[in-house]
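# What the coordinates show
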Amino acid sequence: MNAAFPIRYVEPVYRPPSEAESLILPVTDGCSWNKCTFCEMYTAPQKRFRARDEDEVMDSIRRSGEVFGDQVRRVFLADGDALVLPTRRLLAILEAIRSHLPSVRRISSYCLARNLKRKTVAELVALREAGLQFAYLGAESGDDEVLARVNKGETHDSTREALDKLGEAGITRSVMLLNGLGGEALSTQHADNSARLINATQPEYLATLVVSFPRGDARLKAGFPDWQPLSQQGLFVEMERLLSQLELRRTVFRSDHASNWLVLKGTLGADKDRLLAQVRAAIAAPEQAPLRPAWARGL
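What counts, and where the lines are drawn
- Residues numbered from 1 in each chain as written.
- Predicted model: local features only at pLDDT ≥ 70, side-chain atom pairs only at ≥ 80, totals over all residues.
- Heavy atoms only, no water.
- Helix = DSSP H or I, 4+ residues; strand = E, 2+ residues; numbered from the N terminus.
- Buried < 20%, exposed > 50% of the residue type's maximum accessible area, 1.4 Å probe, protein only.
- Contact = heavy atoms within 4.5 Å.
- Areas by Shrake-Rupley, 256 points an atom, 1.4 Å probe, with all protein chains shown as cover.
- Lys, Arg positive; Asp, Glu negative; His and termini not counted.
- Charge placed at Lys NZ, Arg CZ, Asp CG, Glu CD.
- Phe/Tyr/Trp six-rings, centres within 6.5 Å; stacked < 30°, edge-to-face > 60°.
- Lys NZ or Arg CZ within 6 Å of the ring centre and 35° of its normal.
- Pairing = 2+ DSSP bridges.
- Axes fitted to C-alpha atoms, helices over the stretch in contact; angles between N-to-C directions.

### Notes on the overall build of the protein
When its secondary structure is counted, the protein shows 10 helices and 10 strands. With respect to the three principal axes, the spread of C-alpha positions in the protein is 60 × 40 × 35 Å. Burial statistics for the protein: of 299 residues in total, 52% are counted as buried. Residue pairs in contact within the protein that sit at least 24 positions apart in sequence constitute 79% of those at least 6 positions apart. In the form shown here, the protein has an accessible surface area of approximately 13,500 Å², with 51% of it arising from carbon and sulfur atoms. In the protein, 40 positive and 38 negative side-chain charges are present, and the distance between their average locations comes to 2 Å.

Rendered as structure tokens:
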């Protein structure tokens, strides 16, 4: 571990955009599933999954307290699915954060739906009471065929059960969907069943990203050989179909990741009409020069 910094990182390190100002605390390396064919985040050899040594994690927390004092307000538990750890270990980590970083007001992590099958609602309540208030769950799609084609290892029902369990425990949920994941062939059912999943679970936050393959799509096509990417126009049409079917009481919606072609922000349902108008305006103007994604516009 670098003596100048209290935490050892294994690159590349990922975190949600909203955790930009958080202290990233690895409690695992990699992802315990790591079989999704659309995801390249944890495929590097050095990111092979393992739980971090408990003594190392505790020492990182203690040293972070010594180095940063009361400057840390948020902590994000990395890597891909901190909730794979036994509840006992997570409670010890949360207690150490509370002890050594007393100014922390929010602790969050990624979460795989499959890992919540091993945890009761009572365990999740205990984690929330110990400080874990926020979980990011990558649903990707609510359609069983899309999920099977990309080897997600989940179904519509298993994702719904996980989100319901988090909600019952009072943990704030941020759900991610992948615009375009079904390709041209499955776009309609991807949008329809994703809307059905979100309506059923009413998460506090919803985000959409555009599926992309910086290293090529060969891994995806091994299990989804007829997958063809949606055009920019196709992505907008799919987004319009999703939004039009969402019936949400109060969900903060963001489509402003670097991968998105059209930045959308609002609260559903209060801003549903405005967001739909933005998407429909983009659909109605195909003759214009293609928009650049957000990352190319410096957003």
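### Brief notes about the packing of aromatic side chains
In total, this model carries nine aromatic pairs according to the counting rule given. Look at Y110 and Y136: their rings are 6.2 Å apart centre to centre, the planes differ by 70°, and that puts the pair in the edge-to-face class. You can see Y110 sitting in strand β5 (residues 106-111) and its partner Y136 sitting in strand β6 (residues 132-140), a full 26 residues away along the chain. Here Y110 and Y136 have matching classes, each one buried. Taken together, the aromatic side chains of F76, Y110, F134, Y136 and Y205 make up a single cluster linked through ring pairs. Geometry around F134 places R106 over its ring, the cationic atom sitting 4.2 Å from the centre.

### A word on the sheet that holds strand β8 (residues 205-210)
The strand order across the open sheet built from eight strands is β1-β4-β5-β6-β7-β8-β9-β10, with neighbouring strands paired in mixed fashion. In the strand order of this sheet, the two ends are held by β1 (23-26) and β10 (264-268), each with one partner. The sheet shows a mean angle of 20° between the axes of neighbouring strands, direction not considered. Note that strand β4 (residues 74-78) and β5 share four bridges and pair parallel. Pairing of F76 across the sheet is with S108, part of β5. Across the sheet, helix α6 (residues 156-169) touches β5, β6 and β7 (172-179), and the angle it forms with β6 is around 165°.

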